[in-house]
Amino acid sequence: MERREFYLKVLIYGDIHLSTRNRARHRSYPDESLHYFEFITDQAEALGVDCIVGLGDLTYGNFGNLKYREIFEELLDRQLRQTKGRRYELQGNHDISAGGYSEYDFYTSRGKIKTAERIVGEHVVIDMLNYGDPAKYTVEGGLTIDQDSAKKHIVLCHDFLQFRDSKLGGYGEPYIIEELVGLKGADWIICGHIHDMLSDHGMVHGGNSCNLFYPGAMARPVTKGEIMEKAAIIVIDTDAEQDYVSIYEVQLLPVEVSYDLQRVEKAKAEKARKQELVLVAGELRDAIRNITPDGGRRTAYDIIRDNRQVSIEVRDKALEYLQSVGMGDSQ
Ligand SMILES: [Mn+2]
């Protein structure tokens, strides 16, 4: 069958956060992050997609290991071959380097990775938006999504967005979707930035019913509380009138494979030990204070008797109490 020009199957994945440095409790975060990057590559080939879009946060800092870079580039080359160069990545907050030149800058400036733009399919339009500056969601900001009412609209972004009455919460201050005039007409908002897999549903400005989906960060770089077991990749068929969005749940590596559970236990034990040390230090300090400069051990009775910070009444009451429990007198 001959393929029409506008046919486009687009694979979307969440924050990949590639890194050559280990992260807190992972056995090997570098291996794990490459594992998921390879997984995305395998899926792109198996599903025969024409385009790949990463939702931003390509890396955590710049690579510090040439072998890692070599494997990354081999996988990126496979992605480029599969998509004939249509390999996009939104600019996430971590892609804006404090040092001025991030891996994102490095690969986009070489044309290896394409920056955010609009993809127009026969029935579906995909608008990609970078992280930050909420002006991009307003008409005044000049960057509104496509408004062709004959088409379905998918917005890809890297911010924390939620519907006004949403219960997603817990990820800091969100942009309220109903207030973002530029999202008028959106049927789907697919978002990076939040590392958990989440989904919601509501109305965008102008009254269009809209799905909100966060596929989650597969490599689980930050783990607070419960460790999530699933994330997702999404495939959009811009040639389809219905069921143009497919969500594939991904079973992530088992917790005991990803994480050094002994290290987790050790970290917990270390924390408890430190707390204990603080308490012991407090007791020691008190005991030391109980020793006079000439080395003589002072009793509680002596200390209270010599205390000038409290009133005589309080002091006498305390001394009386000590005597009553058999702790009276210096000797
Ligand atoms: Mn991120």
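Each chain has its residues counted from 1, running along the sequence as written. Local features in this predicted model are restricted to residues of pLDDT 70 or higher, and side-chain atom pairs are both shown and tallied only at a pLDDT of 80 or more, whereas totals for entire chains, interfaces and linings draw on every residue.

> Honestly, the sheet that holds strand S1 (residues 9-13) in this entry has me stumped. Any pointers?
Paired through backbone hydrogen bonds, the strands of a sheet run either parallel or antiparallel to each other. Following DSSP output, two strands are said to pair if at least two bridges run between them. Runs of H or I in DSSP of at least four residues are treated as helices and runs of E of at least two as strands, each being numbered from the N terminus. Pairing within the open sheet is mixed, and its 5 strands lie in the order S3-S2-S1-S12-S13. Pairing within the sheet leaves two strands with one partner each, and these edge strands are strand S3 (87-89) and strand S13 (245-251). Across the sheet, the mean angle separating the axes of adjacent strands is 20 degrees when strand polarity is ignored. Bridge analysis of S1 against strand S12 (residues 230-237) gives 5 bridges, and the strand direction is antiparallel. Its bridge partner lying in S12, Tyr 13 is registered against Ile 233. We call two residues in contact if the C-beta atoms placed from their backbones are at most 7 Å apart. Under this scheme, a helix contributes an axis fitted over its contacting stretch, all axes are lines through C-alpha atoms, and angles between N-to-C directions fall in the 0 to 180 degree range. Those strands touched by helix H1 (residues 29-47) are S1, strand S2 (51-54) and S12, and its axis lies near 160 degrees from that of S1.

> Is there a simple way to explain the pairing of strand S6 (residues 152-157) in this structure?
The two faces of the sheet receive side chains in turn, since in a regular strand these alternate between them. Among the 6 residues in S6, 6 count as buried, and that is most of the element. Every second residue of S6 is oriented toward a common face, with Lys 152, Ile 154 and Leu 156 on one face and His 153, Val 155 and Cys 157 on the other, all of them buried. Looking at chain direction, S6 and strand S9 (residues 188-191) are connected through 4 bridges and run parallel. By the bridge assignment for S9, Leu 156 is matched with Ile 190. Counting other C-beta atoms within 10 Å of each residue's C-beta, where C-beta atoms are placed from the backbone, gives the exposure class: buried for 20 or more, exposed for 12 or fewer, partly exposed between.

> Can you walk me through helix H7 (residues 312-324) in this structure?
For an α-helix, 3.6 residues make a turn, and residues three or four places apart therefore share a direction. Working rule for helices: expected span equals 1.5 Å times residues minus one. Here H7 spans 18 Å end to end across 13 residues, near enough to the 18 Å set by a 1.5 Å rise per residue. The element H7 is barely covered by neighbouring structure, given that only 0 of its 13 residues are classed as buried. After H7 finishes, the residue Gly 326 shows a positive phi value of roughly 80 degrees.

> Would you mind showing me how to read the nonpolar core here?
One broad rule of soluble globular proteins: the nonpolar side chains tend to lie buried together. A set of buried residues qualifies as a nonpolar core if it consists of Ala, Val, Leu, Ile, Met, Phe, Trp, Tyr and Cys joined through C-beta atoms within 7 Å. Counting 62 residues, the largest nonpolar core has Val 10, Ile 12, Leu 156 and Ile 189 as its most contacted members. The contacts of Ile 12, once residues within four sequence positions are left out, are Val 53, Leu 55, Leu 156, Ile 190, Ile 233, Ile 234 and Ile 236.

> For this particular structure, what's the right way to read the sheet that holds strand S4 (residues 118-120)?
Across the sheet, which stays open at both edges, the 6 strands sit in the order S4-S5-S6-S9-S11-S10 with mixed pairing between neighbours. Across the chains shown, the open sheet's two edge strands, defined by having one partner strand only, are S4 and strand S10 (198-203). Between one strand axis and the next, the sheet turns through 15 degrees on average, direction left out of account. Sheet analysis places S10 next to strand S11 (residues 209-214), joined by 6 bridges and oriented antiparallel.

> Got a minute to help me understand the environment of Ile 303 in this structure?
Structurally, the position occupied by Ile 303 is in helix H6 (residues 300-306). With 14 C-beta atoms packed within 10 Å, Ile 303 lands in the partly exposed category. Put simply, Ile 303 and Leu 319 are 16 residues apart on the chain and 10.0 Å apart in space, counted from C-alpha to C-alpha.

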